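# Fold and geometry: a report
Here is what each chain is made of, one letter per residue.
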Amino acid sequence: MNTLECIKTRHSTRKFKPEPVAQELLDTVIDAGRRAPTGGNLQPTHFMVITNPDVLKELVTLVQEEYGKTEVTEQTPPYMVNIIKMSKEGKFVFHYNAPVLIVLAHKPMLANNFSDTACAMENMMLACNELDLGSCWVNQLRHLQDNECIIKRLRELGMGDDEKVYASLA
């Protein structure tokens, strides 16, 4: 597949097969993210690859619990209303049951954190398309990046004390 065809045919997947992703394919996707341009060529993006089904279920539960505490107001964006409602009902699975979640963390003090992360995410999503893997950019961990419960668990999983979540790829 050429680059333009890959761009034209990439789409977000929200229904995944439960089978694990072959390590060789996963390594290729991560390598694509690592090769993304970064401000000053610092390469500061931290890729946390989560494949353990128990950890993924735990993160789903934590995200549901924390969103479930949120009250809907007139200022709540429409897409968030559904997320909050589903979380309160225990039905929101933010990573669409993908067998892999790649969390991209970055140092908030660096001005290019969003740009660096976005370039890595796009590279990885295009690599997924080329490799016939589904992918979807999910933001729930980023939206909860200041939540103590979520931060604590992500730090236990290897996120640095000086990092925050800027994106996640299912």
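## Description of the nonpolar core
Taken as a class, soluble globular proteins show a tendency for nonpolar side chains to be buried jointly. Ranked by internal contacts, the top residues of the largest apolar core, which has 26 residues, are Val63, Tyr67, Phe94, Leu101 and Leu141. For this core, the elements supplying multiple residues, two or more each, are β1 (46-50), α3 (53-68), α4 (78-88), β2 (101-106) and α7 (148-156). Considering every element that reaches this core, the biggest residue donor is α3, with 7 residues. Apart from residues no more than four positions distant in its own chain, Val63 is found in contact with Ser87, Phe92, Phe94, Gln140, Leu141, Leu144 and Ile150. Ile30, Phe47, Leu104 and Ala120 belong to the second-largest nonpolar core, a separate cluster that totals 17 residues.

## Let's talk about the packing of α3 against α7
Between α3 and α7, the shortest axis-to-axis distance is 10 Å and the interhelical angle comes to 165 degrees. Classified by the angle their axes make, α3 and α7 are roughly antiparallel. As α3 packs across α7, the resulting crossing turns out to be left-handed. Taking contact as the criterion, the partners of Val55, Glu58, Leu59, Leu62, Val63 and Glu66 in α3 are, on α7, Cys149, Ile150, Arg153 and Leu154. Classifying every residue of the contact of α3 with α7 gives 7 nonpolar, no polar and 3 charged.

## As for the packing of aromatic side chains
Inspection of the entire model under this criterion finds 2 aromatic pairs. Ring geometry for Phe114 and Tyr166: centres 4.8 Å apart, planes at 85 degrees, overall edge-to-face. Remark: Tyr166 occurs in strand β4 (residues 164-169) and Phe114 occurs in helix α5 (residues 113-130); sequence separation between them is 52 residues.

## Here's the deal with the pairing of β4
With 5 of 6 residues buried, β4 is to be regarded as a mostly interior element. Here β2 pairs with β4 via 5 bridges, running antiparallel. Looking at β4, one finds that His106 is bridged to Lys164. Where strand β3 (residues 137-138) lies against β4, 2 bridges are found, and the strand directions are antiparallel. Considered in β4, the bridge of Trp137 is made with Leu169.

## Looking at the environment of Asp116
Within the element layout of this structure, Asp116 appears in helix α5. Once residues lying within four places of it in the same chain are set aside, the contact partners of Asp116 are Pro37, Thr38, Gly39, Pro44, Thr45 and His106.

## Points about the pairing of β2
Counting buried positions along β2 yields 6 of 6 residues, so the element is predominantly enclosed. Residue alternation in β2 divides its side chains into two sets, Leu101, Val103 and Ala105 and Ile102, Leu104 and His106, and both sets are buried. In this sheet, β2 lies alongside β1 in antiparallel orientation, the contact comprising 5 bridges. The residue of β2 that forms the bridge with Met48 is Val103.

## A closer look at α5
The end-to-end C-alpha distance of α5, which contains 18 residues, comes to 26 Å, matching closely the 26 Å that a straight helix rising 1.5 Å per residue would cover. For α5, every residue scored as buried is listed here: Asn113, Asp116, Thr117, Ala120, Met121, Met124, Met125, Leu126, Ala127, Cys128 and Asn129. Once α5 ends, the next one or two residues include Asp132, with phi positive near 60 degrees.

## Section: the sheet that holds β3
Ordered in space as β1-β2-β4-β3, the 4 strands form an open sheet in which the pairing is antiparallel. The strands lining the two open edges of the sheet, one partner per strand, are β1 and β3. Contacts from α5 reach β1, β2, β3 and β4, with the element oriented near 15 degrees to β4.

About the thresholds
Residues numbered from 1 in each chain as written. Predicted model: local features only at pLDDT ≥ 70, side-chain atom pairs only at ≥ 80, totals over all residues. Heavy atoms only, no water. Core = buried A, V, L, I, M, F, W, Y, C linked by side-chain atoms within 4.5 Å. Buried < 20%, exposed > 50% of the residue type's maximum accessible area, 1.4 Å probe, protein only. Helix = DSSP H or I, 4+ residues; strand = E, 2+ residues; numbered from the N terminus. Contact = heavy atoms within 4.5 Å. Axes fitted to C-alpha atoms, helices over the stretch in contact; angles between N-to-C directions. Parallel < 35°, antiparallel > 145°, perpendicular 65-115°, else oblique. Left-handed = near helix turned anticlockwise from the far one by under 90°. Nonpolar A, V, L, I, M, F, W, Y, C, P; charged D, E, K, R; others polar. Phe/Tyr/Trp six-rings, centres within 6.5 Å; stacked < 30°, edge-to-face > 60°. Pairing = 2+ DSSP bridges. Expected span 1.5 Å × (residues − 1).

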